[in-house]
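Spelled out from the first residue to the last, the chains are:
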Amino acid sequence: MSEPYTELLDPAFRARLERLQIAVRRALPSSLRGDRRSPTRKGLSLEFADFRPYAPGDDVRHLDWSAWARLDQLILKLFHDEEDLQLHLLIDDSASMEMGPPEKALAARRVAAALAWIGLRDGSRVSCTLIGDRLERMNAVRGEAAVGRLLTFLSQPGLRGKRPLHEGCREFASFFQPHGVVVLVSDLLDSAGISASLKSLQRRTTEVAVVQLLAPQDVDPDFDGEVRLLDMEDGPSVETTLSPARIDAYRATVKRFVAECGEHCLRRAVAFASCTTDRPLEDLFLHDLQRAGVLR
Amino acid sequence: MIALVFDTPWFLAALVAMLPVIAFFLLKRKRRDVPVSSSMLWQRALKETMARTPFRKPSEWLSLLLMLLALAGVVFGSAGLRLGSGGGGRALVLVVDVSASMSLEHEGESRIGIARAKAAEALDALKDGDQVTVIAAGTNPRVLVHATADIAAARRVLDDVQAEPVGCDMRSAMSLAFAEGRDGAEIVVLSDFCHDQDSWADLPDQSATITLVQCGQDQPNVGITYTDVSADDGGVSVLVRVAGDGARTLSLLIGDALTDAREVVCGGEEITVVFNLPNPPEEAGEFQRATLKLEPADDLKLDDTAFISIGRTDPPRILHVGAADPFIMRLEAAVPGLVVNNVSPGSPDIQGRYDLAIVTEQTANIPPARCELYIGCVPPGLPFVDEGEIAQPELADWDSTHPLLRGVGLENLLFARARKLSVPRKAIEIVKFRDGPLLLELRADGRETYTWSCGLNDSNLVLRPAFPVFIRNLLGEAIHRVQGRSMPCSRDLTFSAPGGDAAGEHDFQLRLPDGDERTAHLLAGEAFTQRAPQGLGFYSAAIDGTPSSELGTGLYSLAETSLKAAPPKPPEKSEVEVVSASAWTLERPVWRWCAAVAILALLAELALWLVKNRRI
């Protein structure tokens, strides 16, 4: 049984995340009002946003009487709408995420913890689901005070599942009918390909982002010679003699695979970021995720 | 049949090392287990790599075969593998010494007879499917029977093998035996081993079993091994070499007359005796027969005759008896060097000696000549009967090989008439009409007589260029024919251009007995050598058109001939296994090839490893 994860969000890193927000690129239909200022909609909060000329049918309570007195024109005050954004964090907790060091599963939890912190500070409701042979879900929480519960949830030992990722995503989507932003954190090493997972997650009511994490050993193997490659999940093992030429070929294949995942996400308007677990998370959050449009 | 023979066969036990090598390859190779996040990308990468490579992956079995080959090479080489000779499908090579010494007799049986008997015993041991080769080991070894399963034919050839007046080049004979016999052949050498025993020094790298059979015992033998004739300003000499152990009386007979005798004592080496002829032939064209004899016995049963002749110093002389004829005059012009004396038939006794007499009108008075040609008339005193005229005779047949017809074309020859002559006994028809002879040859009483049954004007032969050729052939036969039994001349003939004051180049012509000519330009004092001429006869030489007086015919030469038989000695070579003093087996070592195979296999395995680990 694996050990619980600790030190998922250190205070110094947390401080650097305070100015970041979850980015939503399009308006997502929602019936609930929340504490998060909508960047796209105008609503009925107390926060002034803008003026516009009065049109018949507008609520006269929002007329700016002082402007009428000065300008003899009927002008309406507009206020920011406050929306209720739900952030769904999906963490791939399959057996392949054990690869490391640094272990992909730990890195995925840290990414999820950081995204959750950003979302909670932003007033979003944050839920967290671990995808393995079964789904382990923490219901949505709101407020900075909930970060402790969330970290506790993420600290639990890994599921080490062998079920393919796309099956877990399909179960999540069909059971929980998510609305809002869905961030999938995974190595995407699913034989069915990323499209199968995105197909389940992409809806009219969701905006999907993908963060791919790969271990250094996934990208640059440190072994050669007579080997039997054992798939950590359910894939077939491969017996081969690894020569330098063959290892070079594998590196190129991984590179192509990451590029293909990025192209596929781009075509489907899915934000995509990929990095290896030996890179500092700060680089991922302060550069890659902002560039990808997951954060702002 | 080739058999595998090993020097150290116990080393073959190392072949059991092949078992763990095979087991190692058969067992699945242990690989290191390495967990990976997903084998999906690895499979994709390896598939792409295999699709890109231009070569198929070497099979694991190839590596196993190379390792086994290398191991086999090391083991067989270490065990000293040799290719020897075994049983079944025998290849027998009989090398029979036919040198002169094999004619020596012991208790009524010659050494060559002993060799024939022992060869027959070897043939008796052969079975169906075996093959035999017979080689005569003389000065120039030759194959008498080439690799045949027909044992009866080989017996017939062996029955005719005789000692020859030659030496024995056993080294060449052995080389020939190895060349004729295949790997694993059995070579049986039948000889008195008088020859040089270093014949085994250069045996080829080929497996064989060699058996030496000594034919004849060593005992005091004396024989004439060489005769020669030479002439110089001092006169004519006969040179004789005698070899063996013992004392004899050496006699020289000219014709049947004893001319000279010497006592000779041989102590195992050859001694030389020179006789100076008191009355050598003086006239051009004369020859004498010299016979050498050893008393009480010449153990070498070969003819010891030499022929002595003196070359011509004057041109050939022709006597024409008949009316002046333009064709005879044309003959004078056409054949250079001729002197033709024309006389009428009624002339008084004609004096002088002539090489050729051409008689074109019937006459009873013929001066002596070596050769006579009667054209359109019959020779007097010989039993020729004229049976009448043949009108427009047609040629039926002719002996194209006859020396008179050399270069003479008889096709499209037309004749108006001819005399039908009855053929005397002993006469030979050279050219025939349907109804009688055209040209007859008769030799009797030391004369050569040719009879041409039609006149010169009764055919178109005289109109053709072939006629002078015919006359020249006749002249050649008249001048150069040698009578008596002859032996092949095996020595070189050497002629020297005059030296001293006769500076510059000299034209040399040599006419051989068969009519061929050799020419050369010689400087003063330079020699011309005719190598080992075959066939006895006169060798007429001319220097600057002047016939040379220094020529003659020799007999035979047994160079390096010894009569002393010796026991055979096997060679001292590491590849030879001596079975007995007269039999040994030659085995070809192949360990070097085994080492080469092992090295090549290891290099191939290394290359295979490099391919697997570096290129792909």
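Since this is a predicted model, take the numbers as computed values, not measurements.

What counts and how
Per chain, residues are indexed from 1 in the order of the written sequence. The order in which chains are written sets their letters, starting at A; the order in which ligands are written sets their numbers, starting at 1. pLDDT decides what is reported in this predicted model: residues at 70 or higher carry local features, side-chain atom pairs at 80 or more are listed and counted, and totals for whole chains, interfaces and linings draw on all residues regardless. Side-chain metrics rest on all non-hydrogen atoms present in the structure, leaving aside hydrogens and water. Counting from the N terminus, the helices are the DSSP runs of H or I reaching at least four residues and the strands are the DSSP runs of E reaching at least two. Throughout, a residue-residue contact means that at least one pair of heavy atoms, one from each residue, lies within 4.5 Å. Each patch groups residues whose relative accessible area exceeds 30% and which form no salt bridge, using 9 Å between like charges and 5 Å between nonpolar side chains of Val, Leu, Ile, Met, Phe, Trp and Tyr. The Shrake-Rupley method, run with a 1.4 Å probe, gives the accessible areas here. Residue values count only the displayed protein chains as cover. The rule for a salt bridge is simple: a side-chain nitrogen of Lys or Arg has to be within 4 Å of a carboxyl oxygen of Asp or Glu. Partly exposed residues are those whose accessible area sits between 20% and 50% of the maximum for their type, while under 20% is buried and over 50% is exposed, using a 1.4 Å probe and protein chains only. Counted as positive: Lys and Arg. Counted as negative: Asp and Glu, with His and the chain ends omitted from the count. Every charge is mapped to an atom, namely NZ of Lys, CZ of Arg, CG of Asp or CD of Glu. In short, DSSP must find at least two bridges between two strands for them to pair. Axes here refer to lines fitted to C-alpha atoms; in helices the fit is confined to the stretch in contact. Angles between the N-to-C directions go from 0 to 180 degrees. Here, expected helix span is obtained from the residue count minus one, scaled by 1.5 Å. What the arc measures is the spread of directions leading from the helix axis to the C-beta atoms. In this analysis, rings of Phe, Tyr and Trp, with Trp reduced to its six-membered ring, are considered paired at centre separations within 6.5 Å, and the interplanar angle assigns stacked below 30 degrees, edge-to-face beyond 60, and tilted for intermediate values. Counting as a charge over the ring demands two things of the Lys NZ or Arg CZ atom: a distance within 6 Å of the ring centre and an angle within 35 degrees of the ring normal. As a per-residue measure, pLDDT reflects the predictor's confidence and takes values from 0 up to 100. Working rule for angles: under 35 degrees goes down as roughly parallel, over 145 as roughly antiparallel, 65 to 115 as roughly perpendicular, anything else as oblique. Any residue outside Ala, Val, Leu, Ile, Met, Phe, Trp, Tyr, Cys, Pro, Asp, Glu, Lys and Arg is labelled polar, Gly included; the first ten of those are nonpolar and the last four are charged.

(A) Main features of the overall build of chain B. Regarding its fold elements, chain B presents 9 helices and 35 strands. Of all intrachain contacts in chain B linking residues separated by at least 6 positions in sequence, the fraction that spans at least 24 positions is 69%.

(B) A nonpolar patch on the surface, seen in detail. On the surface, a nonpolar cluster with roughly 610 Å² of combined accessible area is contributed by B:Ile599, B:Leu600, B:Leu603, B:Leu606, B:Trp609 and B:Leu610. If you trace the backbone, B:Leu603 turns up in helix H9 (residues 591–615).

(C) Region of interest: the pattern of salt bridges. All names here are of chain A. The full count for this structure, using the stated rule, is 26 salt bridges over all chains. Two residues, Glu 103 and Arg 160, come together in a salt bridge whose shortest N-O distance is 3.8 Å. Here the residue Glu 103 occupies a position in the loop between strand E3 (86–92) and helix H3 (104–121), and Arg 160 occupies one in the loop between helix H4 (147–155) and helix H5 (165–176), the gap between them amounting to 57 residues. By relative accessible area, Glu 103 is classed as partly exposed at 23%. Looking at Arg 160, the relative accessible area reads 19%, which means it is buried. Of the charged contacts, one joins Asp 248 and Arg 251 as a salt bridge, the two residues approaching to 2.6 Å between their closest N and O atoms.

(D) The arrangement of a negative patch on the surface in detail. A contiguous patch of negative charge on the surface is contributed by B:Glu505, B:Asp507, B:Glu526 and B:Asp544. A relative accessible area of 41% means that B:Asp544 is categorised as partly exposed.

(E) Seen up close, the pairing of strand E9 (residues 238–242) of chain A. Residue and element names in this part refer to chain A. Counting buried positions along E9 yields 4 of 5 residues, so the element is predominantly enclosed. Strand direction decides the pairing type here: strand E8 (residues 225–231) and E9, joined by 5 bridges, are antiparallel. When the bridges of E9 are listed, Leu 229 appears paired with Val 238.

(F) Fine view of the sheet that holds strand E6 (residues 180–186) of chain A. Residues and elements named next belong to chain A. A sheet is described by the order of its strands in space; here 6 strands give the open sequence E5-E4-E3-E6-E7-E10, paired in mixed fashion. In this open sheet, the two strands that pair with only one neighbour each are strand E5 (135–142) and strand E10 (271–276). Across the sheet, the axes of successive neighbouring strands diverge by a mean angle of 15°, strand direction being ignored. Alignment of E3 against strand E4 (residues 125–131), held across 7 bridges, turns out to be parallel. Paired with Leu 90 across the bridge in E4 is Thr 129.

(G) Fine view of H5(A). All names here are of chain A. Between the first and last C-alpha of H5 there are 16 Å, a value that for 12 residues agrees with the 16 Å anticipated at 1.5 Å per step. Of all the positions in H5, only Leu 165, His 166, Gly 168, Cys 169, Phe 172 and Ala 173 are classed as buried. Each buried residue of H5 lies within a common arc of 160° when the element is viewed along its axis, so the set occupies one face. At its buried positions, H5 is contacted by E3, E4, E5, E6 and helix H6 (194–201). Taken from the residues just after H5, Gln 177 is the one with a positive phi, measuring 40°.

(H) Broad picture of the packing of aromatic side chains. Residues and elements named next belong to chain A. Scanning all chains against the criterion turns up 7 aromatic pairs over all chains. Ring geometry for Phe 13 and Phe 285: centres 5.6 Å apart, planes at 80°, overall edge-to-face. Within this pair, whereas Phe 13 is found in helix H1 (residues 11–16), its partner Phe 285 is found in helix H9 (residues 281–292), the two being separated by 272 residues in sequence. Residue classification places Phe 285 among the buried positions, given a relative accessible area of 0%. The aromatic ring of Trp 117 is capped on one face by Arg 14, whose charged end is 5.1 Å from the ring centroid. The cationic tip of Arg 137 hangs over the ring face of Phe 176; the distance from NZ or CZ to the ring centre is 4.2 Å.

(I) Layout of the confidence of the model for chain B. All names here are of chain B. Here chain B shows a mean pLDDT of 74. Residues at 70 or above account for 66%. Note on residues 481–491: pLDDT under 50 across the span, and 42 contacts to partners over four residues away in sequence or across chains. Low confidence marks residues 574–581, where pLDDT is under 50. Its contacts with residues over four positions away, or in another chain, come to 20 contacts. The ipTM for the predicted assembly is 0.82, set against a pTM of 0.43.

(J) The packing of helix H4 (residues 111–124) of chain B against helix H5 (residues 151–159) of chain B, seen in detail. Residues and elements named next belong to chain B. Axis separation between H4 and H5 bottoms out at 10 Å; the angle between their running directions is 175°. Between H4 and H5, the angle is such that the two are roughly antiparallel. Taken together, the residues of H5 that come into contact with H4 (itself represented by Arg 116, Ala 119, Ala 120, Leu 123 and Asp 124) are Ile 151, Ala 154, Arg 155, Leu 158 and Asp 159. Looking at the contact of H4 with H5 residue by residue, the class counts come to 6 nonpolar, no polar and 4 charged.

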